[in-house]
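Close look at the chain arrangement
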Number of protein chains: 2
Amino acid sequence: MTRAITILGATGSIGASTLDLIRRERDKWRVVALTANCQAVELARLAREFSAEVAVVADETCLPDLREALAGSGIAAAGGAAALVEAATRPADITVAAIVGGAGLAPTMAAIEQGRSVALANKEALVSAGDVMMAAVARHGTTLLPMDSEHNAIFQCLAGNDPAHVRSITLTASGGPFREWSAAQLAVATPEQAVRHPNWDMGAKISVDSATMFNKGLELIEAFHLFPVGLDALRIVVHPQSVVHSMVEYRDGSTLAQLGPSDMRVPIASCLAWPGRMDTPCAPLDLAALGELTFRAPDEVRFPATRLCRQAAEAGGAIPAVLNAANEVAVAAFLAGHLPFTRISVMVEELLGRYAPPAPTTLDQVIAVDAEARSHARRLLELV
Amino acid sequence: MTRAITILGATGSIGASTLDLIRRERDKWRVVALTANCQAVELARLAREFSAEVAVVADETCLPDLREALAGSGIAAAGGAAALVEAATRPADITVAAIVGGAGLAPTMAAIEQGRSVALANKEALVSAGDVMMAAVARHGTTLLPMDSEHNAIFQCLAGNDPAHVRSITLTASGGPFREWSAAQLAVATPEQAVRHPNWDMGAKISVDSATMFNKGLELIEAFHLFPVGLDALRIVVHPQSVVHSMVEYRDGSTLAQLGPSDMRVPIASCLAWPGRMDTPCAPLDLAALGELTFRAPDEVRFPATRLCRQAAEAGGAIPAVLNAANEVAVAAFLAGHLPFTRISVMVEELLGRYAPPAPTTLDQVIAVDAEARSHARRLLELV
């Protein structure tokens, strides 16, 4: 029997890795919808290859190109935000929610409202809209499968266990490219230095988040929503080799950890096949060849981001969305050369002290908080 | 609701750890039978404390002492091999099979034949009698819970997964006290040096097995019976810190590992509460404080035991029982100062080449093979 899949964000790296796995067992899958922001030619090529029902570009101005590229294929073409949501409502056994940023919120919510399985790779869904999304997950009985390598590791280590038996959950962090840098070195770190991530190949924004450790802090907020163990039970440990992707310790003293290569196809495959397993071409883990795995406590003096994120998760309501928006604006300013590296977290903390809107209860309110927080953050930047 | 438990081998270290855990949640358990070899006073004390139905000494000459120590308690006292088996047939939700050596085989089999849960700590049950025991487990639909720290780790990492999805299972080995020793040093290793195990506190025989790595080889044979993944999928990695207790790698590239302190109460608690969890007083794992975990390939030139055990598992039938008997005789000779350390595995290999009886199909046949192998081994020793 084939399974129906929709990929929101099919031309990004998560989308490409997902399709790479599906390509390897083509007969087991039926592709419903593939979406992209504007990469019409690439999207059309994928839609043809996988015989998708519909292809959607989020940016409506790219729709004519998509139509042209799909001419004669029999595959429907659509464009714009409403079309994206419509694609996400088409029945699919599993939806991969991999649109980056706030644009992913509404289609992710539409997929959740189907009440089936959603493999979540969009960070904002839980960081900015965690309460709203998790309420929808509960209401619709949706199976939420975390695709992020850390959260997927935790999900695997929790399988079959009662969260009430968890003593702690530990997210591992590579520590980023500035792990060994002194405070003085961090103060003059450049964007070029920040985007060189030691273990994972990723975009500029997320590389800077890795360097500041906001990435790990945001994951802490996500974990707080995904796994009902309470904030005090959530820990972070620096593990430079990024082989152990995260861990769960139980009340009996057993810790289960998930290890693997730094290849997103591993957690993606886990989501696609869950509760079973599927093949990936990833090389076997060879611990003897690796030799050693090291661990150390995070340094929240040099890297205050995880502390700020923990505080935001504790405050709840709109605060994580404000933190996320402030961080995005600050990272953009850093990448543009307008803000020193160490001012990123300073600016985020400053905005958290100044702007505390009421808790959003709908996605629209989340989006409004996000926009308002960004404009506050930009004004703050002008004052720097 | 209380659960009924029987502990075969209640005065040994596994028995004591089991009772320590039960003592902490006394109201959840009803103790059916407690057995010991001959420690009548200690056994009677435990039987009184836990209000056991019956206390049994394997050595019938100790029964008068047991009767005296239990006088007026209302607890039945019994002695001898048949009484041991009778105790193991009394209905219990879970039986902890922790009698050391061949004496544990018949009562373990009786517990298996109840068709409930058996937490297995007796090594011979799977090393010498693996085919016979596993056939009984299958026939009676028994839940076999491995109590050994490595096999329990694998059991936890396999929970909820289909063994068909396993790529490999890796047993971790501390490498023993002679891990760093040269072949020349090993040739003159003394019993006193061999019994100093770096991570676990254990008896002389098992300490020597750890030093030769027969311990890990025997665990490989046990794993071969417990986990139907095939011998080629079973690996060993040397991990001196003994923090990772074992690992399972799946076809998608995910590896699940179980980590914990070197405290037998962790795997025992896992068995007692399975599929739930229970509290233990074991300290939380602090990887940052540990700093590093190291791994290396085993050296089968200096430590041929794992190779011999793999060959024995592959040969099957009576061969693992012969290997186990030969090793016990050789270790006793080493401990008595009659055999050099490096001759232990040489002698085992020699006996495997000389004595290959047909496959036993009953426990009695296993016991006969064991006795015959021991007498061959002793004769071989006289020739050394």
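None of the values given here were measured: they were computed from a predicted structure.

Cut-offs used in this document
- The numbers attached to residues start from 1 for each chain and follow its sequence in the written order.
- Each chain takes a letter, starting from A, and each ligand takes a number, starting from 1, following the order in which they are written.
- Local features are withheld for residues below a pLDDT of 70 in this predicted model, meaning they are given only at 70 or higher, and side-chain atom pairs are given and counted only at 80 or more; totals for whole chains, interfaces and linings count all residues.
- Just so you know, side-chain values use all the structure's heavy atoms and leave hydrogens and water out.
- What makes two residues a contact is simply this: any of their non-hydrogen atoms within 4.5 Å.
- Defined in terms of a 1.4 Å probe, buried area is the accessible area two parts forfeit on being brought together, summed over both.
- Each reported salt bridge corresponds to a side-chain nitrogen of Lys or Arg within 4 Å of a carboxyl oxygen of Asp or Glu.
- Every helix listed is a DSSP run of H or I at least four residues long, and every strand listed is a run of E at least two residues long, numbered separately from the N terminus.
- Throughout this description, the term nonpolar core refers to a set of buried Ala, Val, Leu, Ile, Met, Phe, Trp, Tyr and Cys residues connected via side-chain atoms within 4.5 Å.
- For every residue, the accessible area obtained with a 1.4 Å probe (protein chains only) is divided by the maximum for its type, and the residue is called buried under 20%, exposed over 50%, and partly exposed between those limits.
- Those domain boundaries reflect an automatic or database domain assignment.
- Polar contacts, as used here, are pairs of N or O atoms within 3.5 Å; protein pairs need one atom able to donate a hydrogen and one able to accept it. Residues neighboring in sequence count only if both atoms are side-chain atoms.
- The definition used for a disulfide is geometric: two cysteine sulfur atoms within 2.5 Å.

1. Describing the interface of chain B and chain A
Tallying the contact residues gives 43 residues for chain B and 43 residues for chain A. Between chain B and chain A, the buried area comes to about 3,400 Å², and carbon and sulfur atoms account for 47% of it. A per-residue breakdown of the area chain B buries against chain A is headed by B:Arg251, B:Asp252 and B:Arg277, which together make up 22% of the total. Across the contact surface, chain B and chain A share four salt bridges. Of all the secondary-structure elements, those providing two or more residues to the side of chain B that touches chain A are helix 8 (149–158), strand 10 (244–250), strand 11 (255–259), helix 13 (265–273), helix 14 (287–290) and strand 12 (292–294) of chain B. In terms of residue count, the dominant contributor to the side of chain B that touches chain A is strand 11 of chain B (five residues).

2. Focus on the nonpolar core
Grouped together as the largest cluster of nonpolar side chains are 236 residues, with contacts concentrated most on A:Leu34, A:Leu272, A:Leu323, B:Leu34, B:Leu272 and B:Leu323. Ignoring sequence-local partners within four residues, the contact set of B:Leu323 consists of B:Phe214, B:Leu218, B:Ile221, B:Leu308, B:Cys309, B:Ala312, B:Val348 and B:Leu352. The next biggest cluster of nonpolar side chains, apart from the first, holds 19 residues, and it includes A:Ala257, A:Leu293, B:Val237 and B:Phe295.

3. Notes on the domain arrangement of chain A
You'll often see interface size given as the accessible area lost when the parts meet. All names here are of chain A. Assigned domains within chain A: domain 1 (3–146) and domain 2 (151–316). The gap between the C-alpha centroids of domain 1 and domain 2 is 26 Å. Taken residue by residue, the interface counts 25 residues in domain 1 and 22 residues in domain 2. Carbon and sulfur atoms supply 75% of the area that domain 1 and domain 2 bury against each other, a total of about 2,000 Å² over both sides. On the domain 1 side of the contact with domain 2, Leu21, Lys123 and Pro146 bury the most area, a combined 34% of that side's loss. At the junction of domain 1 with domain 2, the criterion picks out two salt bridges. A salt bridge links aspartate 20 to arginine 265; the shortest N-O distance between them is 2.9 Å. Remark: the boundary between domain 1 and domain 2 carries four residue pairs in polar contact (both at pLDDT 80 or more).

4. Some thoughts on the state of the cysteines
Under the counting rule described, the total for this entry stands at two disulfides over all chains. Through a disulfide, B:Cys38 is tied to B:Cys62; the S-S separation comes to 1.8 Å. Judged by the torsion about the S-S bond (-95°), the B:Cys38/B:Cys62 disulfide is left-handed. With B:Cys38 in the loop between strand 2 (29–36) and helix 2 (40–49) and B:Cys62 in the loop between strand 3 (54–57) and helix 3 (63–69), this pair connects stretches of sequence that are 24 residues apart. Assessed through its relative accessible area of 31%, B:Cys38 is described here as partly exposed. Not engaged in a disulfide, the cysteine A:Cys282 finds its nearest cysteine sulfur in A:Cys271; these two sulfurs lie 14 Å apart. When its relative accessible area of 6% is taken as the criterion, A:Cys282 is described as buried. Not part of a disulfide, B:Cys157 finds its nearest cysteine sulfur in A:Cys157, a span of 7.9 Å. The buried category is assigned to B:Cys157, whose relative accessible area is 1%.

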